[in-house]
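# Coordinates in review
Okay, here's what each chain looks like letter by letter:
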Amino acid sequence: QVQLVESGGGLVQAGGSLRLSCAASGRTFSSYAMGWFRQAPGKEREFVAGVSRSGSATYYADSVKDRFTISRDNAKNTVYLQMNSLKPEDTAVFYCAASYGAAGVRGQNNYLYWGQGTQVTVSS
């Protein structure tokens, strides 16, 4: 079993940046494809970005492409989401998730373990 703990959320002005981290417990972190999702108030949780087990392949939702960067450090059991040029519509609770399946899959059912989420608020 894997436990995931997100950090790095907060309040930022539009155009600013934040870096989210997700620390995983256990020795098998590199066995999982990882993803970031977000859920805005009144909306469904949606896929944001995904990364393969080695970190060599990354995947993004169109809405964040060229602004967000996902990466991982398997030695530190951590996955990151660098968010630049933030917009008010990026305001959401951000979750990291771990999957035994293929990397970059957008369906939530593909992900077995979830963190508790971290709030990101972007003011205009």
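Report on the accompanying structure. (Residues numbered from 1 in each chain as written. Predicted model: local features only at pLDDT ≥ 70, side-chain atom pairs only at ≥ 80, totals over all residues. Heavy atoms only, no water.)

## Quick notes on the side chain of Thr91
Note that Thr91 resides in the loop between strand S8 (78–83) and strand S9 (92–99). Polar contacts involving the side chain of Thr91 include one to the main-chain carbonyl oxygen of Pro88, which spans 2.9 Å. A polar contact is formed between the side chain of Thr91 and the backbone nitrogen of Val122, at a distance of 2.9 Å. Every residue in contact with Thr91, bar those within four places of it in the chain, is listed here: Ala40, Pro41, Gln119, Val120, Thr121 and Val122. (Helix = DSSP H or I, 4+ residues; strand = E, 2+ residues; numbered from the N terminus. Polar contact = N/O pair within 3.5 Å; in protein donor to acceptor, adjacent residues only side chain to side chain. Contact = heavy atoms within 4.5 Å.)

## Digging into the state of the cysteines
Scanning the model with the defined rule gives 1 disulfide in all. The side chain of Cys22 participates in a disulfide bridge whose partner is Cys96; the two sulfur atoms lie 1.9 Å from each other. The disulfide joining Cys22 to Cys96 has a torsion of about 45° about its S-S bond and is therefore right-handed. Of this pair, Cys22 sits in strand S3 (residues 18–24) while Cys96 sits in strand S9, and the two are 74 residues apart along the sequence. By relative accessible area, which is 0% here, Cys96 ends up buried. (Disulfide = S-S within 2.5 Å. Buried < 20%, exposed > 50% of the residue type's maximum accessible area, 1.4 Å probe, protein only.)

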